[in-house]
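Structure at a glance
For reference, the chains in residue letters:
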Amino acid sequence: MLKYKFDWAVVTSGKYFDWLASGLYVTIQLSVVSVALSFLLGLIIAVMRMSHVRPIRWFAHGYLEFFRNTPLLVQIFFWYFGSYKILPQAVNDWMNRQNFEFAAAVVALTIYTSAFIAEDIRSGVLSIPKEQMEAARSSGFSYLGSMRYIILPQAVRLTIPPLINQFLNLAKNSSLAMTIGVAELTYQARQVESYTFKGFEAFTAATLVYVVISSVITILVNIYNKTVLRPMRAR
Amino acid sequence: MIRFEGVHKWFGKLHVLNNVNLQVKQGEVVVVCGPSGSGKSTLIRTINELEPINEGRLIVDGMDLGGRGTDINKLRAEIGFVFQQFNLYPHLSVLKNITLAPIKIRRLDRKEAAQQAMALLERVGLAEKRDAYPSQLSGGQQQRVAIARALAMKPKIMLFDEPTSALDPEMIGEVLAVMKDLAESGMTMMVVTHEMGFAREVSHRIVFIDHGIILEEANPAEFFRNPKHERAQQFLRQVLSPMH
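All of the points below concern the structure found in this document. (Residues numbered from 1 in each chain as written. Chains lettered and ligands numbered in written order. Predicted model: local features only at pLDDT ≥ 70, side-chain atom pairs only at ≥ 80, totals over all residues. Heavy atoms only, no water.)

1. A look at the interface of chain A and chain B
Counting residues at the interface gives 21 residues for chain A, matched by 23 residues for chain B. Between chain A and chain B, the buried area comes to about 2,000 Å², and carbon and sulfur atoms account for 58% of it. Our enumeration of links across chain A and chain B arrives at 1 salt bridge. Between Glu134(A) and Arg45(B) there is a salt bridge whose closest N-O contact spans 2.6 Å. Taken together, chain A and chain B are joined by 6 residue pairs in polar contact (both at pLDDT 80 or more). Elements that contribute at least two residues to the side of chain A that touches chain B include exactly α7 (130-138) and α8 (143-173) of chain A. When the residues that make up the side of chain A that touches chain B are grouped by side-chain class, the tally is 8 nonpolar, 6 polar and 7 charged. (Contact = heavy atoms within 4.5 Å. Buried area = accessible area lost by both parts, 1.4 Å probe. Salt bridge = Lys/Arg side-chain N within 4 Å of Asp/Glu carboxyl O. Polar contact = N/O pair within 3.5 Å; in protein donor to acceptor, adjacent residues only side chain to side chain. Helix = DSSP H or I, 4+ residues; strand = E, 2+ residues; numbered from the N terminus. Nonpolar A, V, L, I, M, F, W, Y, C, P; charged D, E, K, R; others polar.)

Printed below as a string of C-alpha cells:
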C-alpha cells in the first residue's frame, strides 16, 4: 500500500488552482504570440533561403544552421542575460517597461522555432512543380509576388503536418521560460509544489493541461486546414 | 509586335535556336511547327523571357528583351501565355484563377475583376464552373480556363505552347474553337501546334523550324500545297498521314 495520501483538492480549487490557472494563461499567451511570429518569420527566412541573391541566401543559411544547432535554453539565457548589453539604451528602457522576461522568452522561442519552420516550408516549396512559378511569372508577377500569391499558399498546405509538430514543440518548449522567471504553467506548478509539497498532484495537473493544449493545437490546425485552406486535390 | 533579329540560344552545347529572324505584325496569327526537339517551344518561350536568349536582338511590343531598363514583369503582363499542361493554380477556384493577376497587378477592384472574369468564362463556355477547382475540370475545360486567365490581363499578344497536345482527342475541338474565335477577334497570336487543320484554316503564316533553324516561312495555302524544304515535306507527310 502507498503511504502517500493524494490530495487533489489542492490543485482543483482555491489559491493554488488560481496559480495554475494564471500559469496556464501565461503559457497560452506565450505560445500564441510565438506561434504567430515564428510562422511569419519562418516564411520570410524560407523565401530568403531560396533567394537568387547570394548574400541573402547565405545569411538565411547561416541563421538556420546557427539557431537549429544551439540549445533553446542557451538561447533563452542569451536573450535574457546577454542581449541588453548590446542593445541600444532606448530599446532596453522600452523592454524594461514591458515584461522583459516574457519578451525575452518570446524572442528566443520565436527565433528558435522559425528556423525549423523555415526548413519545413522550404521543402514544401521545393515540391511545388516549377510550372506554377512559370505560370505566375508569365502573368506578370514578380518573383516575390509569385511566391506570396501562388507558391507559398500551396506550399503551406503541403506543410501542415510538420507545422503542427513545430507548434506542439513550441507550446511544450515554452515551459523552459520558467528558468528566467516567466510565471507560466510549469513555473506555477513548481510554486504549488514548494508551498504544499504536493508535487505529484501539481505536476500531474500541469501534465494534463499540456496534453489538452497540444490536442487543441492539433484540432485547430486541422480545422483551419479543412475549412480555410481547403485541401488541394490530386491534379 | 514581335521581332527576332539573329537570335541564338544554347542549352549547354546544344544549339536550340540558330540565327532566328522572324517578324510578327499586330493582328497576325502565326503557327510554328516542326518535329519534336526542333526548338519551337523554346522559340515561343523566349518571347516572354521564360527562356532568355544568348545572342541577337528580340524586340516585343517595342521593348528590347535583354536591353537594360526593360521591366520584364511589365512586359509579361501584356503577353498571355498558354501552356501545354494548363498550369492553373490548384489552390484557387476557377474564378480566382482568372481574377488574381488583374486584382494584384492591374489593381482592379474585386467586383470589376469578377465581372470581367465572368464575361470571359461566358466566352469560353464555362460560366457555370466559376466556383469549381481545377482538379474538378476536364483537360479541355482547364485549358479554356487557362485561356480566360490569360485574356483577363487584356494582353496585346497571346502565345500558345502546344495548347492541345495534352488533351484527349475529343477535347481538342473545344479548345481550338476558342482559339479560332480569338484569332477572328484580331488578337496577335503565336501558336506552337501540330494541329494542321487549325494552321490551314486560321493562321496567316506558318513557320517551319528544325534543329533551331527556320527552314520555311509561308502562307498556309502555299505551305500545304507546295512545301519547299525537304524536311518540311517529310514532316507534313508524317503529321497528315501518320500511318505512312
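2. Examining the sheet that holds strand β2 (residues 14-24) of chain B
All names here are of chain B. Reading across from one edge, β2-β1-β4-β5 is the order of the 4 strands in this open sheet, with antiparallel pairing throughout. The sheet is open, and its two borders are formed by β2 and β5 (63-65), each paired with just one other strand. Recorded for the sheet is a direction-independent mean angle of 30° between the axes of neighbouring strands. Inspection of the sheet shows strand β1 (residues 2-11) paired to strand β4 (residues 55-60) by 5 bridges, in the antiparallel sense. Across the sheet, Ile2 pairs through a bridge with Val60, a residue of β4. Packed on one face of the sheet, helix α1 (residues 40-47) meets β1, β2, β4 and β5 and runs near 120° to β1. (Pairing = 2+ DSSP bridges. Axes fitted to C-alpha atoms, helices over the stretch in contact; angles between N-to-C directions.)

3. Side note on the packing of aromatic side chains
In total, this model carries 19 aromatic pairs over all chains according to the counting rule given. With a centroid separation of 4.7 Å and an interplanar angle of 50°, the aromatic rings of Phe81(B) and Phe83(B) are classed as tilted. Exposure remark for Phe83(B): the relative accessible area of 5% places this residue in the buried category. An aromatic cluster of three or more residues is present, and its members are Tyr4(A), Phe6(A), Trp8(A) and Phe200(A). The side chain of Arg200(B) reaches across the aromatic face of Phe224(B), ending 4.4 Å from its centre. (Phe/Tyr/Trp six-rings, centres within 6.5 Å; stacked < 30°, edge-to-face > 60°. Buried < 20%, exposed > 50% of the residue type's maximum accessible area, 1.4 Å probe, protein only. Lys NZ or Arg CZ within 6 Å of the ring centre and 35° of its normal.)

4. Focus on the environment of Glu134(A)
You can see Glu134(A) is positioned in helix α7. Glu134(A) sits 12 residues away from Ser146(A) along the chain, and the two C-alpha atoms are 9.0 Å apart. In this structure, Glu134(A) is in contact with Arg45(B), Leu50(B) and Phe83(B), ignoring residues within four places of it in sequence. Side-chain polar atoms of Glu134(A) contact the side chain of Arg45(B), separated by 2.6 Å.

5. Focus on unusual backbone geometry
Residues and elements named next belong to chain B. Positive phi values are uncommon outside glycine, yet Glu162 reaches one of about 45°. As for its placement among the helices and strands, Glu162 is situated in the loop between β7 (157-161) and α6 (169-184). Classification of Glu162 by relative accessible area gives buried; the value is 12%. In the Ramachandran plot, His211 falls in the positive-phi region, its phi being about 50° despite a non-glycine side chain.

6. A few points about the pattern of salt bridges
Under the definition given, this model contains 20 salt bridges over all chains. A salt bridge links Glu65(A) to Arg68(A), with the nearest nitrogen and oxygen atoms 3.4 Å apart. Of this pair, Glu65(A) and Arg68(A) both sit in helix α3 (residues 54-68), separated by 3 residues, roughly a single helical turn. Residues joined in a network through salt bridges with shared partners are Arg3(B), Glu5(B), Arg57(B) and Asp64(B).

7. Considerations on empty space enclosed by the protein
Scanning the model with the defined rule gives 3 cavities of 30 Å³ or more in all. For the largest cavity, the calculated volume is near 90 Å³. In terms of lining residues, the largest cavity is bounded by Ala135(A), Ser138(A), Ser139(A), Arg76(B), Ala77(B), Ile79(B), Gly80(B), Phe81(B), Phe83(B), Arg149(B), Ala150(B) and Met153(B). For the lining of the largest cavity, the secondary structure elements donating two or more residues are α7 of chain A together with α2 (72-77), β6 (79-82) and α5 (139-151) of chain B. With 3 residues, the top contributor of residues to the lining of the largest cavity is β6(B). Considered class by class, the residues forming the lining of the largest cavity number 7 nonpolar, 3 polar and 2 charged. Taken as a whole, the second largest cavity holds about 50 Å³ of empty space. Lining the second largest cavity, in full, are Ser139(A), Phe141(A), Tyr89(B), Asn97(B), Ile98(B), Leu100(B), Ala101(B), Pro102(B), Arg149(B), Ala152(B) and Met153(B). Examining the composition of the lining of the second largest cavity, we find that 5 residues originate from one element, helix α3 (residues 94-104) of chain B, more than from any other. In terms of residue class, the lining of the second largest cavity is built from 8 nonpolar, 2 polar and 1 charged. (1 Å grid on protein atoms, 1.4 Å probe; cavity = no way out; pocket = protein on both sides within 12 Å on 5 of 7 lines; lining within 4 Å. Points joined across faces, edges and corners; volume = space filled by probe spheres on them.)

Just geometry here; none of it tells us what the structure is for.
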